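# A structural walkthrough
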Amino acid sequence: MVHFVGAGSGAVDLITVRGMNLISKADIVIYAGSLVNKDMLRYMKEGAESYDSAYLTLEEVIDLIKKAEAENKNVVRLHTGDPSLYGAIREQMDEMDEQGISYDVTPGVTAAFGAAASLGLEYTLPEITQTLIITRVEGRTPVPQLEKVRELAKHKTSMAIYLSTGLLKKLEEELKSAGLDEDTPAAIVYKATWPEEERYICTVSSLEETAKKNNIKKTAIVLVGEAIRTVSKDSKAVRSKLYSPDFETEYRKINIEQSI
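The following refers to the structure shown. Here the structure is a predicted model, which means the values were calculated and not measured.

This brings us to unusual backbone geometry. With phi around 50°, Ala-88 is a residue other than glycine that occupies positive phi space. With respect to the element layout, Ala-88 can be found in the loop between strand E4 (75-79) and helix H3 (90-99). Looking at Ala-88, the relative accessible area reads 42%, which means it is partly exposed.

Okay, here's the thing in structure tokens:
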């Protein structure tokens, strides 16, 4: 049995309880060493084996899994963040389907939410935006034409942009070509929730400059959108209807006499 487990955004204690328990029972842990916090391996039981998939091809990963299956061993495939985002898990599942190897998936906290928590940011604010777009800049791996940043940014919603720290000049150009003002708020969060996390609030036009100034070249997520403006202590968001005294819900009724 193979368990795909989301390690979370970085902090060792942000892995789910289920994920931690699966690691503690695994005979073999294959982890994405380029991004997963290696301190996660402390949850492994004595005698368990670990392999860093950063040095392996898909075929080599599958060979390890096939060998473990033949020996009736439990495997945890430990991915950074949440496995469903840029985790390349489907191609592994396809191979396991062909081999008749069973698997399941345990979700994790992705960097977009780790970064938002660190900033005290709410992506979906009344009268500002109710949508979060998760995407990346096109680099060596292409993206569909309608999903290029310059197309998605036209919606002017909150955006969490992965895998793009080395392409910030291109990102700036894409965002501005979509019609975003140069002073549209942005943020760069390096290693969100890790002990060495760094957070920088900037603008669309100063993304590259901010990264260079702080020597950030990788392992960062870029956030864009007007919601970031409310992170400032001098800013205040519009109050939602959810807890408004004049907004009736299934659980909270309005006293008509008091509301008149």
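So, on to the layout of surface pockets. The space that makes up the largest pocket amounts to roughly 930 Å³. Going through the elements one at a time, helix H2 (58-70), E4, H3 and strand E10 (220-224) are the ones with two or more residues in the lining of the largest pocket. Split into classes, the residues belonging to the lining of the largest pocket amount to 19 nonpolar, 15 polar and five charged. Taken as a whole, the second largest pocket encloses approximately 230 Å³ of empty space. The wall of the second largest pocket is formed by Arg-136, Val-137, Glu-138, Gly-139, Arg-140, Thr-141, Leu-163 and Leu-167. For the lining of the second largest pocket, a count of residues per class yields three nonpolar, two polar and three charged.

Throughout the structure, instances matching the rule amount to 14 salt bridges. Notably, a salt bridge pairs Lys-45 with Asp-27, separated by 2.9 Å at the nearest N-O pair. Within this pair, whereas Lys-45 is found in the loop between strand E2 (28-31) and strand E3 (49-52), its partner Asp-27 is found in the loop between helix H1 (17-25) and E2, the two being separated by 18 residues in sequence. On the basis of relative accessible area, Lys-45 is assigned to the partly exposed category, the value being 35%. Between Asp-94 and Arg-90 there is a salt bridge whose closest N-O contact spans 3.1 Å. Of the two residues, Asp-94 and Arg-90 are both situated in helix H3; the distance of four residues between them amounts to about one turn of the helix. Judged by its relative accessible area of 42%, Arg-90 is partly exposed. One network of salt bridges, in which partners are shared, links Glu-49, Lys-67, Glu-71 and Lys-73.

Cut-offs used in this document
- Residues numbered from 1 in each chain as written.
- Predicted model: local features only at pLDDT ≥ 70, side-chain atom pairs only at ≥ 80, totals over all residues.
- Heavy atoms only, no water.
- Helix = DSSP H or I, 4+ residues; strand = E, 2+ residues; numbered from the N terminus.
- Buried < 20%, exposed > 50% of the residue type's maximum accessible area, 1.4 Å probe, protein only.
- 1 Å grid on protein atoms, 1.4 Å probe; cavity = no way out; pocket = protein on both sides within 12 Å on 5 of 7 lines; lining within 4 Å.
- Points joined across faces, edges and corners; volume = space filled by probe spheres on them.
- Nonpolar A, V, L, I, M, F, W, Y, C, P; charged D, E, K, R; others polar.
- Salt bridge = Lys/Arg side-chain N within 4 Å of Asp/Glu carboxyl O.

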